[in-house]
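What the coordinates show
Listed below are the residues making up each chain.
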Amino acid sequence: MPPTLASLVHHSALKLTVRAGQDRLDVPVRWAHVSELADPVPYMEGGELLLITALKLDAEDPEVMRRYVKRLVGAGVVGLGFAVGVNYEDVPEALVAAARQEGLPLLEVPRRTPFLAISKAVSAAIAADQYRAVTAGFAAQRELTRRTLTDGPEGLLAALAVQVDGWAALYDASGAVVATAPEWAGRRAARLTADVQRLRERPAPASSVVGGAGNSEHPENADRVELHSLGTSRRPRSALAVGTAAALGTAERYAVHSAIALLTLTTERSRSLHEAGLRIDAAVLRMLLAGEPDHARTVAGDLYGGLLDAPFRIIVAESAPARARASTGAQSAHSAHSAHSAHSAHSAHSAQAAGDALGVLTEIVESAAARSGEAVLAVPEGERLVVLATDGGAAVAACVEYTSALEAARPTPEPRTAGDEESLVVGLSAPSGPIAASAAYKQAEQALSVARRRGRVCVEHEHLAAGSVLPLLADDAVRAFADGLLRALRDHDATGRGDLVASLRAWLSRHGQWDAAAADLGVHRHTLRYRMRRVEEILGRSLDDPDVRMELWLALKATAPE
C-alpha cells in the first residue's frame, strides 16, 4: 500500500511527533512538498504532506493560521509538517489550534531531521508500492495466460476472480451470460444484461462502472462492477464483468487488462480466416494510394476485373460520430490497412446493424455493382468507408441517387455536428486512373470536408470549382472551426481543473505579457505560465508559433458571446 502519515510517524529515523489530527493518520500521502509561500495552494494537487518552517508566516497569529490551514485543507493537503528550532523553537499554539479545528494532521519535525529525509522516505515508499504492484501484475498476467491456454475462457475467469478477490463473468454480443466464476456469481451477472447491451451500443473499446456501495436499486448487491467490451470491431462482440467489494488497486487493474487482452484474442480468433481475405482489399487500396498501381494489379489478379485499368472514382463516406480527419494519401492507406482487420463493409453484421449509415451505403453500392456486373472495392477506414468504383457505372450512380434522396428528405441544410446520430456525409472525387489514385483520394476528402461544412449529404469534387468560395467562409463554418479547435480546452475546464480558455484569452489579449495577463485574471504569473503549458499540451501546438496564436485568437473571437 502507498505511504501514509502513520507509516511516516512510525519511521524510526524521522522522529516525527503528532501535534494534531491523531485520528487521521491513515490517509495516503501522494508526495512530500516543501513550500515557504504564504499561499502555496495554487501549486498543490491534493494528497501532499506540506513541509514548512514558517519563514514567511506569522505562525503566532490565530486568524492568519486559521485562514492558512483552512486553505490547505480545501486544496486536499493531507498533512502539515512543521520544523522546530529554525524560525520557531516550538510549534506555535495558534497553528496547533487551527490544525485541530480543521482536522488537519500536524507533525512536529525535529531540527535534526531534514525535510529531504522525509521526501526521500515518501519517495522510497511510493516506489516500493509501485514495484510490488507491477510485480504482482506480471505474476497475474502469467497465471491468466497459463489458465487460458489450458482451460480456455472459463479457466481465465476463475483465475481472474481469485486475483481481484471477487467474481468475473463473460457475456456474448446479446448480453447473455456465457460463463461466470465462481458459480455463485451467475445470478449477480444476470442482473447486468441491460447494462451490457447499453455498453455494446458504444464504440469499442468501451467500459463502465455500475453498482457499488449505496446501490439503492439492489441493496442486496453492493458490488462495484466494471464492464469492459471485448473485440476490435466498432460494435463489441462480447463483454467482461468484474465484481469487487471496492475499487481495483494497481495490481488488480493489471490483471483485468491482461484478461481483456486474452479474451479479445480468444473471441477474435474465429474471424481470422475471413479477415485474411478482406485484408487483400485494404492492401490493394494501400498500394494504389502509395503510387504503386503495378504492384496493386499483381496482388489483385483477377479479383476486380478491369476496375484498376478503367477510369474510376473514389468515394469517401463518413458518419456523423466520426471526427474530421486530414491525412495524406499514404497515411490514409496505412489507416485503411490497420483498421481493415477489425471492420468489414462486406460483413453481414455491419449491414444489419440498426442505424449503421456506412453499412447501408456499402450494401447499396455493392448491390448495384453486382447487378450490373461491375467490380467495386470497398474498404472500411475506422469510422469512414472508402469505395473505388468505375466512373459512370452503376455503383457511382447508386451512391449519388441514394445521397440525393437523403438530402431531399432533410428540411434544410445544416452543418454536421457530433450529435447527428449516424448522419451520412459523402465526398466524391473526379474521374481518375490508377496512377493518380492518391490525388483522387485527396479530392474526395476535400469534397467530404465541404459537404460537412455546408450541411450537405454529398458533394462531388467536380462541382466545387463551379461554386463560390463565400459559403466556405460562412459564419457557421468559422464557428465550427473555432468550436473544434477549442473543444479540448472547454472539456478540460468543464471538469473544474482550471479556467484554460479564459486564461488563454487574457494572455493573447495582452500579447503574451505575463504580468499584465496574470493581473487581469487575478492569479500569480507562475500559475498563468502553468496554464499556458497545459494549453500547449492539450492542443499539441506551440504558442510560440504566430499562426497558432492567430488561429486561437480567431477561434476565441468567433465563439465569444454577442
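Heads up: the structure comes first, above all this text.
Residues numbered from 1 in each chain as written. Predicted model: local features only at pLDDT ≥ 70, side-chain atom pairs only at ≥ 80, totals over all residues. Heavy atoms only, no water.

**Some details on the overall build of the protein**
Rules: Runs of H or I in DSSP of at least four residues are treated as helices and runs of E of at least two as strands, each being numbered from the N terminus. Note on contacts: a residue pair qualifies if any of its non-hydrogen atoms lie within 4.5 Å across the two residues. Here, Shrake-Rupley sampling with a 1.4 Å probe gives the accessible areas, and only protein chains in the shown set may cover a residue.
Along the backbone of the protein there are 19 helices and 15 strands. The long-range share in the protein, meaning contacts at least 24 apart out of those at least 6 apart in sequence, stands at 65%. Total accessible area computed for the protein in this model is approximately 27700 Å², and 54% of it derives from carbon and sulfur atoms.

**Regarding the sheet that holds strand E15 (residues 458–460)**
Threshold: Paired strands are those between which DSSP finds at least two bridges. As a rule, the C-alpha atoms of each element are fitted with a line to give its axis, helices using only the stretch in contact, and angles between N-to-C directions run from 0 to 180 degrees.
Ordered by their spatial adjacency, five strands build an open sheet running E12-E13-E11-E14-E15, and the pairing between neighbours is mixed. The sheet is open, and its two borders are formed by strand E12 (376–381) and E15, each paired with just one other strand. Taking each pair of neighbouring strands and ignoring which way they run, the sheet shows an average axis angle of 15°. With seven bridges joining them, strand E11 (residues 312–319) and strand E13 (residues 384–390) adopt antiparallel strand pairing. Along E13, the bridge assignment pairs Ile-315 with Val-387.

**Considerations on the sheet that holds strand E9 (residues 224–230)**
Taking strand neighbours across the sheet as the criterion, the five strands line up as E7-E6-E10-E9-E8 in an open arrangement whose pairing is antiparallel. If you trace the sheet from one side to the other, it starts and ends with strand E7 (177–181) and strand E8 (207–211), each paired once. The sheet shows a mean angle of 20° between the axes of neighbouring strands, direction not considered. Across four bridges, the pairing between strand E6 (residues 167–171) and E7 is antiparallel. Looking across to E7, one finds that Tyr-171 is bridged to Val-177. Relative to E6, helix H4 (residues 115–164) is tilted by about 150°, and along the sheet it contacts E6, E7 and strand E10 (238–244).

**Some words on unusual backbone geometry**
Applied cut-off: Buried means the residue's accessible area, taken with a 1.4 Å probe over protein chains only, is under 20% of the maximum for its type, while exposed means over 50%, and partly exposed covers the values in between.
Omega for the peptide link from Ala-181 to Pro-182 comes to -10°, which places this bond in the cis form. Looking at where Pro-182 falls in the secondary structure, it is placed in the loop between E7 and helix H5 (186–190). The phi dihedral of Asp-165 falls on the positive side, at around 55°, and the residue is not glycine. Structurally, the position occupied by Asp-165 is in the loop between H4 and E6. Take Asp-165: its relative accessible area is 69%, and that puts it in the exposed class.

**Digging into the packing of aromatic side chains**
The following threshold applies: In this scheme Phe, Tyr and Trp rings, the latter by its six-membered ring, pair at centre separations within 6.5 Å, and the angle between planes marks the pair as stacked below 30 degrees, edge-to-face above 60, and tilted otherwise.
A complete count under the given rule lists two aromatic pairs for this structure. Judged by centre distance (6.0 Å) and plane angle (55°), the ring pair of Phe-82 and Tyr-88 falls under tilted. Judged by its relative accessible area of 0%, Phe-82 falls in the buried class. Where Trp-507 meets Trp-514, the ring centres are 5.5 Å apart and the plane angle is 40°; that geometry is what we call tilted.

**With respect to the environment of Leu-104**
Its place among the elements puts Leu-104 in the loop between helix H3 (93–102) and strand E5 (106–109). Leu-104 sits 34 residues away from Lys-70 along the chain, and the two C-alpha atoms are 8.9 Å apart. For Leu-104, the residues in contact, after removing those within four places along its chain, are Ala-20, Gly-21, Val-69, Leu-72, Val-73, Val-77, Val-78, Gly-79, Leu-80 and Ala-99.

**A closer look at the nonpolar core**
Across soluble globular proteins, nonpolar side chains have a tendency to be buried as a group. Heads up, the condition is: By nonpolar core we mean a set of buried residues, namely Ala, Val, Leu, Ile, Met, Phe, Trp, Tyr and Cys, connected to one another through side-chain atoms within 4.5 Å.
Ranked by size, the top nonpolar core spans 28 residues in total, and within it Val-284, Leu-288, Ile-314, Leu-377 and Leu-388 carry the most contacts. Elements with a contribution of two residues or more to this core: helix H8 (272–289), helix H9 (293–300), E11, E12, E13 and helix H14 (437–454). Apart from the residues within four sequence positions on either side, Leu-388 is in contact with Leu-288, Leu-307, Phe-312, Arg-313, Ile-314, Val-376 and Leu-377. With 25 residues, the next largest nonpolar core counts Leu-50, Ala-54, Ala-59 and Val-91 among its residues.

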